[in-house]
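# A structural walkthrough
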Amino acid sequence: MSRQGGTCMWINPFTKALLEQLGHTTYLIPGNAIPVMDIKRPTHISTIICDVSYPGSRHLVDPGIRWPHNEAVPLNFERESPEYKVHKLRTKFFKTEDGNLVLGIPSSIQASESQVISDSNGENWQIKMAYWLKDRMTWSTYVGLWQDAAKHGLPFPRGFESLLFFTFLNEKKINIVSSDGKTHATFYSLKDHTTERIMMTKKELMNFFVEHYPQYSVKKLEEVFEVCKLV
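Now for a quick tour of the structure. Everything quoted here is computed from the prediction, not taken from an experiment.

## Comments concerning helix H1 (residues 8-21)
Since the α-helix turns once every 3.6 residues, residues separated by three or four places project in the same direction. Here H1 spans 19 Å end to end across 14 residues, near enough to the 20 Å set by a 1.5 Å rise per residue. Buried residues of H1: Cys8, Met9, Asn12, Pro13, Thr15, Lys16 and Leu19, and no others. On an axial view of H1, the arc spanned by its buried residues comes to 150°, and they lie on one face. Looking one or two places after H1, you find Gly23, whose phi comes out positive at around 100°.

What follows is the structure in structure tokens.
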């Protein structure tokens, strides 16, 4: 329990192990944070917990995601789930025609038509995550995904080569991204859906972590910054 957190590849297998120690039956499933269902190259891993409500029931447990749901999501709905709230952001799950699952948030004007799904009330939802319910997955890491992509001559999914960190803070979702040798933080307000982008130097990024995330030691951050070519 280092209190240093991690990505879905660490948080969700840990959650799976915890649930199993509590006596539950679970298994891991792959997903894609860039929701293209026909690309079988996972960028996400999640947990299914079995037989909670009744024999044969299935629930999705996914705390290791940008929109962490702090409750098990029952999968016994036909096409769409009830609404959930994650840090005041509305979410909803939908089953696809091939029996898989997608997670949606209220659609923005910028969302492309291929990434929008409508619910029974006619409201549009932007697809942010795809889960392959029929597949099972063993534990992996992003390093493993990189190696697998390289082995098959495939590019790593766009966006993951530059994302350094994401979190929630003061009703805002924060992405810290590095590209073209520069680092910037994007603050997305869950209250009024506005976005603010701030460029950061390495020193400013260090101060940001020290102020808001004291569980990360300065020594550890310095080590990460030293080996991370993006910062």
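Read on for the rest.
## Thoughts on the nonpolar core
Membership of the largest hydrophobic core comes to 21 residues, with the highest contact counts inside it found for Leu60, Phe93, Leu101 and Tyr131. Elements with a minimum of two residues in this core: strand S1 (25-32), strand S2 (44-50), strand S5 (84-86), strand S6 (89-95), strand S7 (101-106) and strand S9 (124-131). At three residues, S7 tops the list of elements feeding residues into this core. Counting eleven residues, the second-largest nonpolar core is a separate cluster that includes Met206, Phe208, Tyr213 and Leu221.

## Remarks on the environment of Ser118
Note that Ser118 resides in strand S8 (residues 116-118). Using a relative accessible area of 33% as the deciding quantity, one classes Ser118 as partly exposed. With twelve residues separating them in the primary sequence, Ser118 and Pro106 have C-alpha atoms 10.0 Å apart. If we skip the residues at most four places from it in the chain, Ser118 touches Arg79, Phe94, Glu123 and Asn124. Separated by 2.6 Å, the side chains of Ser118 and Asn124 make a polar contact.

Cut-off values and rules
Residue positions are given per chain, counted from 1 along the sequence in the order it is written. Since the coordinates come from a predicted model, pLDDT governs what is reported: local features require at least 70, and pairs of side-chain atoms require 80 or more to be given and counted, while whole-chain, interface and lining totals use all residues. Only hydrogens and water are set aside; all other atoms, that is, all heavy atoms of the structure, feed into the side-chain values. Secondary structure counts use DSSP, requiring at least four H or I residues in a row for a helix and at least two E residues in a row for a strand, with both numbered from the N terminus. In a helix, the anticipated span is given by 1.5 Å times the number of residues less one. Summary of the burial criterion: residues with accessible area below 20% of their type's maximum are buried, those above 50% are exposed, and those between are partly exposed, where the area comes from a 1.4 Å probe applied to protein chains only. The directions from the helix axis to the C-beta atoms form the arc being described. We call a set of buried Ala, Val, Leu, Ile, Met, Phe, Trp, Tyr and Cys residues a nonpolar core when their side-chain atoms join them within 4.5 Å. Residue contacts follow a heavy-atom distance rule, with two residues in contact if any of their heavy atoms lie within 4.5 Å. Distance and chemistry together define a polar contact, namely a pair of N or O atoms within 3.5 Å, with one atom able to donate a hydrogen and the other to accept it when in protein, and with adjacent residues in sequence counting only for side-chain atoms on both sides.

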